[in-house]
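One letter stands for each residue in the lines below.
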Amino acid sequence: KVADPAGGAFAVEKLTDDLAVAGWEELGRLESPSSGGGVGGVVAAIEDGSLESRIEDVVAERDRRIATREHALTGLTEFPNLHETLPVRAPYPDDAFLVRPYGEPFEKLRDDPPDEPVFLATMGPIAQHTARASFVTNLLAAGGVSVEVAGHTDGVDSLIRGNDGRSVVCLAGSEAAYAEWGAEAAAALRANGAKWIIIAGKPTDYADDSCAMGVDALDFLHRTREKLA
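What this report covers is the structure whose coordinates are included nearby. (Residues numbered from 1 in each chain as written. Predicted model: local features only at pLDDT ≥ 70, side-chain atom pairs only at ≥ 80, totals over all residues. Heavy atoms only, no water.)

**Overview of the overall build of the protein chain**
Here is step 1: Across its full length, the protein chain carries eight helices and five strands.
Here is step 2: Sequence-ordered secondary structure for the protein chain, helices as α and strands as β, is α-α-α-α-β-α-β-α-β-α-β-β-α.
Here is step 3: Taken against the 2.2 N^0.38 rule, which gives 17 Å for 229 residues, the C-alpha radius of gyration of the protein chain at 23 Å runs more than 25% over that of a compact globule.
Here is step 4: With respect to the three principal axes, the spread of C-alpha positions in the protein chain is 70 × 50 × 35 Å.
Here is step 5: Out of the 229 residues belonging to the protein chain, those deemed buried represent 37%. (Helix = DSSP H or I, 4+ residues; strand = E, 2+ residues; numbered from the N terminus. Rg over C-alpha atoms; globule rule 2.2 N^0.38 Å. Buried < 20%, exposed > 50% of the residue type's maximum accessible area, 1.4 Å probe, protein only.)

**Notes on the sheet that holds strand β2 (residues 147–149)**
Here is step 1: What the five strands build is an open sheet, ordered β2-β1-β3-β4-β5; its pairing is parallel. Strand pairing shows two members of the sheet lacking a second neighbour, β2 and β5 (209–211), which therefore form its edges. Neighbour to neighbour, the strand axes of the sheet diverge by 25 degrees on average, direction disregarded.
Here is step 2: The pairing of strand β1 (residues 118–122) with strand β3 (residues 168–172) spans four bridges and is parallel. If you follow Phe 119 over to β3, its bridge partner there is Val 169.
Here is step 3: Of the strands in this sheet, β1, β3 and β4 (196–200) touch helix α7 (residues 175–191), which is tilted by about 170 degrees from β3.
Here is step 4: Of the strands in this sheet, β1, β3, β4 and β5 touch helix α8 (residues 217–228), which is tilted by about 135 degrees from β5. (Pairing = 2+ DSSP bridges. Axes fitted to C-alpha atoms, helices over the stretch in contact; angles between N-to-C directions. Contact = heavy atoms within 4.5 Å.)

**Focus on the layout of surface pockets**
Space left empty within the atom packing is revealed by a probe, the size of a water molecule, rolled over the atoms.
Here is step 1: The computed volume of the largest pocket comes to approximately 430 Å³.
Here is step 2: If you trace the largest pocket, you find 16 residues lining it, with Leu 86, Arg 89, Glu 107, Arg 110 and Asp 111 closest to the centre.
Here is step 3: Here the residues of the lining of the largest pocket sort into seven nonpolar, two polar and seven charged.
Here is step 4: Roughly 190 Å³ of internal volume is contained in the second largest pocket.
Here is step 5: Taken together, Glu 26, Leu 51, Arg 54, Ile 55, Val 58, Val 59, Arg 62, Val 99 and Arg 100 make up the full set of residues lining the second largest pocket.
Here is step 6: Per element, the largest residue contribution to the lining of the second largest pocket is six residues, and it comes from helix α3 (residues 50–67).
Here is step 7: When the residues that make up the lining of the second largest pocket are grouped by side-chain class, the tally is five nonpolar, no polar and four charged. (1 Å grid on protein atoms, 1.4 Å probe; cavity = no way out; pocket = protein on both sides within 12 Å on 5 of 7 lines; lining within 4 Å. Points joined across faces, edges and corners; volume = space filled by probe spheres on them. Nonpolar A, V, L, I, M, F, W, Y, C, P; charged D, E, K, R; others polar.)

**Points about the pattern of salt bridges**
Close approach of charged atoms lets side chains of opposite charge pair.
Here is step 1: The final tally for this structure, using the stated rule, is 13 salt bridges.
Here is step 2: The partner of Asp 112 in a salt bridge is Arg 225, and the shortest N-O contact between them spans 3.9 Å. Here Asp 112 is found in the loop between α4 (104–111) and β1, whereas its partner Arg 225 is found in helix α8, with 113 residues between them in sequence.
Here is step 3: Look at Arg 225 and you get buried, because its relative accessible area is 14%.
Here is step 4: Between Arg 190 and Asp 208 there is a salt bridge whose closest N-O contact spans 3.2 Å. Of the two residues, Arg 190 is situated in helix α7 and Asp 208 in the loop between β4 and β5; the sequence distance between them amounts to 18 residues.
Here is step 5: Given a relative accessible area of 33%, Arg 190 falls into the partly exposed group.
Here is step 6: Each of Glu 61, Arg 64, Arg 65 and Glu 70 takes part in salt bridges that share partners, so that together they form one network. (Salt bridge = Lys/Arg side-chain N within 4 Å of Asp/Glu carboxyl O.)

If you want it as structure tokens, here you go:
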């Protein structure tokens, strides 16, 4: 006897019911006569390409939502653990029907992490930068990128002391800190070897890239990994 840890769980039952209802509605649409706004059967839908087109539209929208993290995948696109030990999975049989996982593009990045971390240039006391620092750390980890964190800083000199000449740097601080010494910090970091500077927040003229809520995470991660390489 095999235990079912999710047996009877409302969340699972609700998702199962939603899937059944959506599937039945789609079957009804496929089997409805074409004169009534339907397709006229699954064979007709395959032959005219409408079924494949609908699938492609759904996949494209799903991928967009995952890429921008509107649709969060806990442990992958949100709250990833770069140091986790994954279970060993048996290889698929040669004749298996392969299904592309929702977060496959992120999984591929995680499977091939870059050698160099991003220096997280945290500006000011921890209480003032922790929100943006946590956001950036999670965002980068979703693409297999680790960070080195400056920690508490009280100005450009203390920020520079924490950087071991990393080529890719991300500023993380409050709006007040950015306005007060963001440009000075960016200039000092470039003088210290930084080739690519990101800012956590709105784009600015002294940074090369930016990241905030709603960013296309995949595009951002690919850009960052290219600079790390």
